Structure formats: structure tokens, C-alpha cells
Amino acid sequence: MAGERGRPGRTEKAAAVGLVLAAVATVVWSGSFVTSRALHDSVPPVQAAFWRWVVAIVAVAPFAAREAWRQRALLRRHLGFVTLAALLGVTVYNTLVNQAGLSTSAGNMGMIMAASPVLMALYERLGGARLGARRTIGMLVAGAGVLLLVSKGSTAMNFAAGDLWMLAAAVCFGSYSALLRRKPTEIGGLAFLFSTFVLGALMLLPAYVVSLMLQGGFEPTAGTVGPLVYVGVFSSAVAFFAWNKAVALIGAARAGVIYYLQPVCVALLSFALLGEATGPMQIVCMALILGGVMLGAGRGGRR
């Protein structure tokens, strides 16, 4: 009986940890949209993505390389799954984000990325999971805030080319997050993280070489190396580890509700660091997004 009484407590603690980890990843990733926008005229998108993952591999290797080596036979057995996760979450997603930064604002990038939790929830629903009324309503409220932000209160959706690149990135990230629920439990989290980083960088290598040949390299200055170190260490190593763990604890749909905080964080950072304005419409929409997050992430969100 004592064990049964303890189980709900452990479940609630795991859920709380999962929500915190999802929030950490979301806040850290918000900074990556600002850095992608800041680098748009100094570092070609593919080169920025490639060096991001090189930095991430170096940052994670001391903690994860040994585990990945021990589990090499297991990783080979599930190579198809690991490769697909690397393609979606590492190779394609972040390259699309960098490409979007060429022609849309950091604020818009964060707003559009907030559409990915809808796809996460749909994947879970198709898999048989029950989202619950509270989480569904929270998702709809937050989604309404996102739509108002993107449309600026108008029924006409005028997307820039960068907005379309971000829509594609949102689909990739939502698919990656849903895929995490199918990760073989016997693969360690660090081994999985390290192997996806390595495979993702290897798949980027041909495009990186082509970019060097056609566009030339970039000048390594504090203004280029600093942001790449940030996205490599924090937005890649730290944030992806936190997000993967959060999805394992609370599921992609519930973690996705927290992800709705992204446009709020991006708007605040882009205003503070890039001078992108935030007007009354954005503030109203941010309130909707925050309200939806609080509603959908609450204790009743799983019922």
C-alpha cells in the first residue's frame, strides 16, 4: 500500500521535472532564433548549421562518447531510427531555421515555430493518446495567439519567404519530437544525443563543402564565433538533452504546450538585442499564448 501511495508522488515529481526541462529547452532555443537572425548577413546558413553541430559534438563528447561506444552494437541495430532522428532534428531543422533568418524577423521565426506543438499533439492523438479537454483548450488558446501574431490581426496571411522556411522547420521539429516517443528504451539518452549530432553533421558535410565552393567561408570574429558557440553548446547540447528528457517524461504533446512560450521569449530577446519592436497586438497575443500554456500544462492537462 505504501508503494502504491508513493507512485503518484513520483509521477507528479517526474511530470514537474519534465515541465521544467521543456521550459529550459524552450528559453534556450529562443536565443538561437535571435542568433540565426543576427548571423544572416555574415555566415551562410549551411555553414552556420554545420559549425553549430561541430561545436555541439565537442561539447557533448566528454560526457557521451564513452556511452555511445559501449552501445555501438545497439546503435547499429537501430541505425534507421537514429538516422531519421538526426535528419529531422539536426540536419534539416536547424538548416531551415538559419535559411529563414535571411528573410524574416526573429520574432516571426519564434511565432511560426510555435505551430509545431499542434503537430506533436496530432501525432500523439493518432498514436492513440488522449489529450484531455484542458490540454486541448490550452493548445487552442495558445494557437489562437500565434495566429493573431502571424496575421497581425488580419484575415490575410502574408508570409515572407523566410516564414515559409520556418513553417517547414516547424514540421521537421514536430516530427522529430513525436519520433522521440519511439526511441528504444535501451539506448541511453547521452548515446542517442551524441550519435544524432555526429550523424547529422556528417549528412550536412556535402552541403557544407558546396557552400564553401559557391559562397566562400566566413570571417571568424567575435561576432560570428560567439553566436556559433552559444548555439552549439546551449541551443544544441544543453537544450536538446533537456527537450529529449522532457518528452520522455511527459510526452511530446504536453511538452509542446510549454513550447508555446517560444514566441514570447523570442519577442523579448529580439526587442532587447536586435531592436525589433513589440506593439500592443503582440502583447495581447503573448497574453493569450501564456494563458494557453498555463492552462494546458497544469495538473489537469492530462485528464
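The coordinates are above.
Structural notes, computed from the coordinates. Computed from a prediction, not measured in an experiment: that's the story for all the values here.

Rules used in this analysis
Residues numbered from 1 in each chain as written. Predicted model: local features only at pLDDT ≥ 70, side-chain atom pairs only at ≥ 80, totals over all residues. Heavy atoms only, no water. Helix = DSSP H or I, 4+ residues; strand = E, 2+ residues; numbered from the N terminus. Contact = heavy atoms within 4.5 Å. Areas by Shrake-Rupley, 256 points an atom, 1.4 Å probe, with all protein chains shown as cover. Axes fitted to C-alpha atoms, helices over the stretch in contact; angles between N-to-C directions. Parallel < 35°, antiparallel > 145°, perpendicular 65-115°, else oblique. Left-handed = near helix turned anticlockwise from the far one by under 90°. Nonpolar A, V, L, I, M, F, W, Y, C, P; charged D, E, K, R; others polar. Buried < 20%, exposed > 50% of the residue type's maximum accessible area, 1.4 Å probe, protein only. Patch = residues over 30% accessible without salt bridge, like charges linked within 9 Å, V, L, I, M, F, W, Y side chains within 5 Å. Salt bridge = Lys/Arg side-chain N within 4 Å of Asp/Glu carboxyl O. 1 Å grid on protein atoms, 1.4 Å probe; cavity = no way out; pocket = protein on both sides within 12 Å on 5 of 7 lines; lining within 4 Å. Points joined across faces, edges and corners; volume = space filled by probe spheres on them. Polar contact = N/O pair within 3.5 Å; in protein donor to acceptor, adjacent residues only side chain to side chain.

## Let's talk about the overall build of the chain
Of the regular secondary structure elements, the chain holds 13 helices and zero strands. From first element to last, N terminus to C terminus, the chain shows the α and β order α-α-α-α-α-α-α-α-α-α-α-α-α. Here the contacts in the chain between residues at least 6 apart in sequence split such that 91% fall between residues at least 24 apart. Total accessible area computed for the chain in this model is approximately 13900 Å², and 69% of it derives from carbon and sulfur atoms.

## Concerning the packing of helix α2 (residues 45-70) against helix α4 (residues 79-100)
Across the interface, α2 lies against α4 with an axial gap of 8 Å and an inter-helix angle of 135°. In this view, α2 runs oblique relative to α4, as classed from their interaxial angle. By crossing handedness, the relation of α2 to α4 is classed as right-handed. Contact residues: P45, V46, A48, A49, R52 and W53 in α2; G89, V90, N94, T95, N98 and Q99 in α4. In terms of residue class, the contact of α2 with α4 is made up of six nonpolar, five polar and one charged.

## Focus: the environment of L119
With respect to the helices, strands and loops of the structure, L119 is situated in helix α6 (residues 116-126). The class of L119 is partly exposed, set by a relative accessible area of 22%. Between the alpha carbons of L119 and S177 there is a distance of 9.4 Å; along the sequence they are 58 residues apart. What L119 contacts, discounting residues up to four positions off in sequence, is V171, G174 and S175.

## A short note on the side chain of S175
With respect to the helices and strands, S175 occurs in helix α8 (residues 161-180). Among residues more than four places away in sequence, those in contact with S175 are L88, L119 and Y123.

## Focus: a nonpolar patch on the surface
Taken together, the side chains of L202, L205, V209, V210, M213 and L214 define a hydrophobic patch exposed on the protein surface, amounting to about 610 Å² of accessible area. In this structure, M213 sits in helix α9 (residues 189-215).

## A few points about empty space enclosed by the protein
One pass over the full model with this rule turns up one cavity of 30 Å³ or more. If you add up the space inside the largest cavity, you get close to 90 Å³. Looking at the largest cavity, the residues that line it are T35, S36, L39, H40, V43, P45, A48, R52, N98, L102, L228 and V231. Examining the composition of the lining of the largest cavity, we find that three residues originate from one element, α2, more than from any other. Taken together, the residues that form the lining of the largest cavity break down as seven nonpolar, four polar and one charged.

## What about the side chain of S236?
Among the structural elements, S236 can be located in helix α10 (residues 222-250). A distance of 2.6 Å separates the side chain of S236 from the side chain of R52, its partner in a polar contact. The contacts of S236, once residues within four sequence positions are left out, are R52, W53, A56, F197, V231 and F241.

## With respect to helix α5 (residues 106-113)
Here α5 lies mainly inside the structure; eight of its eight residues are buried. Taken together, the buried positions of α5 are occupied by A106, G107, N108, M109, G110, M111, I112 and M113.

## Some points on the environment of L295
Residue position: L295 is located in helix α13 (residues 280-297). Residue L295 is classed as partly exposed on the basis of its relative accessible area of 30%. In this structure, the C-alpha to C-alpha distance between L295 and R134, residues 161 residues apart in sequence, is 6.6 Å.

## Overview of the environment of F173
Position of F173 among the secondary structure elements: in helix α8. According to the relative accessible area criterion, F173 is buried, its value standing at 0%. Once you skip the residues sitting within four places of it in the chain, F173 turns out to touch W29, Y93, M113, S116, M120, W243 and Y259.

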